[in-house]
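Chain by chain, the residues:
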Amino acid sequence: MTLTFESLFAAFAAVLVVTGVFMAVAGGIGWEPGPARRRSRLEQRLRAALGLGAGASQPAAWWARRSSRLGGALVLGLGVWLFTSWPMGGLVTAVIVAGLPWLLNPGSGAKEQIARLEALEEWVRRLSDIHTVGVSLEQSIQRSLQTVPQPIAGEVTRLVSRLQAGWLPQDAYRQFADEMDDAICDEVAALLILHVEDRGAGLGRALTDLAAALAQEVLARREVEADRQKPRTNDRWVTIFCLVIVAVSMLSGAYVEPYSTPVGQLVLIGLGIAFVLIKVWMRRMAVIEPTPRFLSSADRTRTEKEGPR
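The rules behind the values
- Residues numbered from 1 in each chain as written.
- Predicted model: local features only at pLDDT ≥ 70, side-chain atom pairs only at ≥ 80, totals over all residues.
- Heavy atoms only, no water.
- Helix = DSSP H or I, 4+ residues; strand = E, 2+ residues; numbered from the N terminus.
- Contact = heavy atoms within 4.5 Å.
- Core = buried A, V, L, I, M, F, W, Y, C linked by side-chain atoms within 4.5 Å.
- Buried < 20%, exposed > 50% of the residue type's maximum accessible area, 1.4 Å probe, protein only.
- Patch = residues over 30% accessible without salt bridge, like charges linked within 9 Å, V, L, I, M, F, W, Y side chains within 5 Å.
- Areas by Shrake-Rupley, 256 points an atom, 1.4 Å probe, with all protein chains shown as cover.
- Salt bridge = Lys/Arg side-chain N within 4 Å of Asp/Glu carboxyl O.
- Expected span 1.5 Å × (residues − 1).
- Bend = angle between axes of the 7 residues up to and from the residue.
- Axes fitted to C-alpha atoms, helices over the stretch in contact; angles between N-to-C directions.
- Parallel < 35°, antiparallel > 145°, perpendicular 65-115°, else oblique.
- Left-handed = near helix turned anticlockwise from the far one by under 90°.
- Nonpolar A, V, L, I, M, F, W, Y, C, P; charged D, E, K, R; others polar.
- Arc of directions from axis to C-beta.
- pLDDT = per-residue confidence, 0-100.
- Phe/Tyr/Trp six-rings, centres within 6.5 Å; stacked < 30°, edge-to-face > 60°.
- Lys NZ or Arg CZ within 6 Å of the ring centre and 35° of its normal.

1. A word on the overall build of the protein
(1) Moving on: Summing up its helical and strand segments, the protein has 14 helices and 0 strands in all.
(2) Moving on: Starting at the N terminus, the α and β elements of the protein follow one another as α-α-α-α-α-α-α-α-α-α-α-α-α-α.
(3) Moving on: Restricting to contacts in the protein with at least 6 residues of sequence separation, those with at least 24 account for 64%.

2. Here's the deal with the nonpolar core
(1) Moving on: Formed by 33 residues in total, the largest nonpolar core has its most connected members in Leu120, Trp123, Ile141 and Tyr173.
(2) Moving on: If you list the elements that add at least two residues to this core, you get helix 6 (108-130), helix 7 (137-144), helix 8 (153-164), helix 9 (169-180), helix 10 (183-198) and helix 11 (203-249).
(3) Moving on: In this structure Ile141 touches Trp123, Leu127, Leu159, Val160, Leu163, Tyr173 and Leu192, once residues within four positions along its chain are discounted.

3. Some words on a nonpolar patch on the surface
(1) Moving on: Among the surface-exposed residues, Ile278, Trp281, Met282 and Met285 lie close enough to one another that they form a single nonpolar patch of about 430 Å² accessible area.
(2) Moving on: The residue Trp281 is located in helix 13 (residues 262-285) in this model.

4. Some thoughts on the pattern of salt bridges
(1) Moving on: Enumeration according to the criterion identifies 13 salt bridges in this entry.
(2) Moving on: Taking the shortest distance from any N to any O, the salt bridge between Glu155 and Arg116 comes out at 2.7 Å. Here Glu155, found in helix 8, pairs with Arg116, found in helix 6; they are 39 residues apart in sequence, far enough to count as distant.
(3) Moving on: On the accessibility criterion, Glu155 (4% relative accessible area) is buried.
(4) Moving on: Note on Arg116: relative accessible area 16%, which makes it buried.

5. Re helix 11
(1) Moving on: Counted at 1.5 Å a residue, the expected span for helix 11 with its 47 residues is 69 Å, and the 64 Å between its end C-alpha atoms agrees.
(2) Moving on: Helix geometry: helix 11 is bent most strongly at Gln229, by close to 40°, with proline Pro231 lying one to four residues after it.

6. Some words on the packing of helix 8 against helix 9
(1) Moving on: In contact at an axis separation of 9 Å, helix 8 and helix 9 are set at 160° when each is read in the N-to-C sense. Taken together, the axes of helix 8 and helix 9 lie roughly antiparallel to each other. Our pair here, helix 8 against helix 9, has a crossing hand that is right-handed. Between helix 8, through Glu155, Val156, Arg158, Leu159, Arg162 and Leu163, and helix 9, the contact on the second element is made entirely by Pro169, Ala172, Tyr173, Gln175, Phe176, Glu179 and Met180.
(2) Moving on: Of the residues in the contact of helix 8 with helix 9, the class split is 8 nonpolar, 1 polar and 4 charged.

7. What about helix 7?
(1) Moving on: Along helix 7, the residues that are buried comprise Leu137, Glu138, Ser140, Ile141 and Ser144. All buried residues of helix 7 fall inside an arc of 160° around its axis, so they share one side.

8. Looking at the packing of helix 9 against helix 10
(1) Moving on: One can describe the packing of helix 9 onto helix 10 by two numbers: an axis separation of 9 Å at closest approach and a directional angle of 175°. Classified by the angle between their axes, helix 9 and helix 10 sit roughly antiparallel to one another. From helix 9, Pro169, Gln170, Tyr173, Arg174, Ala177 and Met180 reach across to helix 10, where they touch Cys185, Asp186, Ala189, Leu192, Ile193, Val196 and Glu197.
(2) Moving on: Here the contact of helix 9 with helix 10 is built from residues that sort into 9 nonpolar, 1 polar and 3 charged.

9. A short note on the confidence of the model for the protein
(1) Moving on: Looking at the protein as a whole, its pLDDT mean stands at 75, while 71% of the residues score no less than 70.
(2) Moving on: Across the protein, the secondary-structure element scoring lowest on mean pLDDT is helix 14 (residues 297-306), at 49, and the one scoring highest is helix 8, at 93.
(3) Moving on: Throughout residues 29-38 the model reports pLDDT below 50, and contacts reaching past four residues in sequence, or to other chains, amount to 18 contacts.

10. With respect to the environment of Gln113
(1) Moving on: If you trace the backbone, Gln113 turns up in helix 6.
(2) Moving on: With relative accessibility at 17%, the residue Gln113 sits in the buried group.
(3) Moving on: Considering only alpha carbons, one finds Gln113 and Arg221, 108 residues apart in sequence, at a separation of 9.7 Å.
(4) Moving on: The residues contacting Gln113, other than those within four sequence positions of it, are Met180, Asp181, Asp182 and Arg221.

11. Notes on unusual backbone geometry
(1) Moving on: At Asp181, a position not held by glycine, the phi torsion is positive, near 55°.
(2) Moving on: Within the secondary structure, Asp181 sits in the loop between helix 9 and helix 10.
(3) Moving on: Accessibility expressed as a relative area gives 10% for Asp181, which makes it buried.

12. So, the packing of aromatic side chains
The way to describe two aromatic rings as a pair is by their centre distance and the angle between their planes.
(1) Moving on: Counted under the stated rule, the structure contains 1 aromatic pair.
(2) Moving on: Here Trp123 and Phe176 contribute two aromatic rings whose centre-to-centre distance is 5.7 Å and whose plane-to-plane angle is 45°, an arrangement assigned as tilted. Here Phe176 lies in helix 9 and Trp123 lies in helix 6, a separation of 53 residues in the sequence. Each member of the pair, Trp123 as well as Phe176, is classed as buried.
(3) Moving on: Sitting over the ring of Trp167, Arg162 keeps its end group 5.3 Å from the ring centre.

So, in structure tokens, the structure goes:
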């Protein structure tokens, strides 16, 4: 395949089309769901990758964290394109390099969730120490903002902002639970909501007991993740082996010559898509369905439809 102005223009047009598709998907995901709809795990991960999650920072901070990797992916993709004269090969290379953290860290999402739960346990324990007689729960939460652990700093900051903005405490705590998106976090929000409706004594003791339960939950999840570490390590090595074989094969002119044709370029794209789908399939086999949340209207409706087991 000769590198001509027409091929350059065609490759540029293909990049624009792919970019447009990604922007359309991002725009669609950005729509606010209805009160009875909970985002799927795949949608939550895609929103997090695009910087659109509930705990996502501003676009400038999102770009600052990923600009180096995305810039390197574009440069390497352009280098592969110029070296092999394959525009689609350059595109596949750029996508793979940009997605290396996802390819090589299959358990990163679970580890982040455990870190968030551990931070929640620490925050609840500190909240029980701060809350004293004569100090309201809302004031205690506002004071806890000074020592809140980093993994949940964004969620707690937004909770304080909502309380200061005049939200009903019950609604603010429910929104906090939605952002944390975990069944065990619903127990924290439920305790706070019950205290708002009752305003009885004993909140400090209840928070201490809840923090102990959270610590046990974190320990159990860490044990589960330790059991999953071996298959995830095997998956990582299989991925590295496949990528190395593909990279070495590209240096063999006779072996990869069929990919220089337009049909070969389409086959190359198909192989790249198949590789990603296999990775998704392998990950889904290792994923355990999360416990339904009782403060989420979508999960509550689904549980009522399924009935008792």
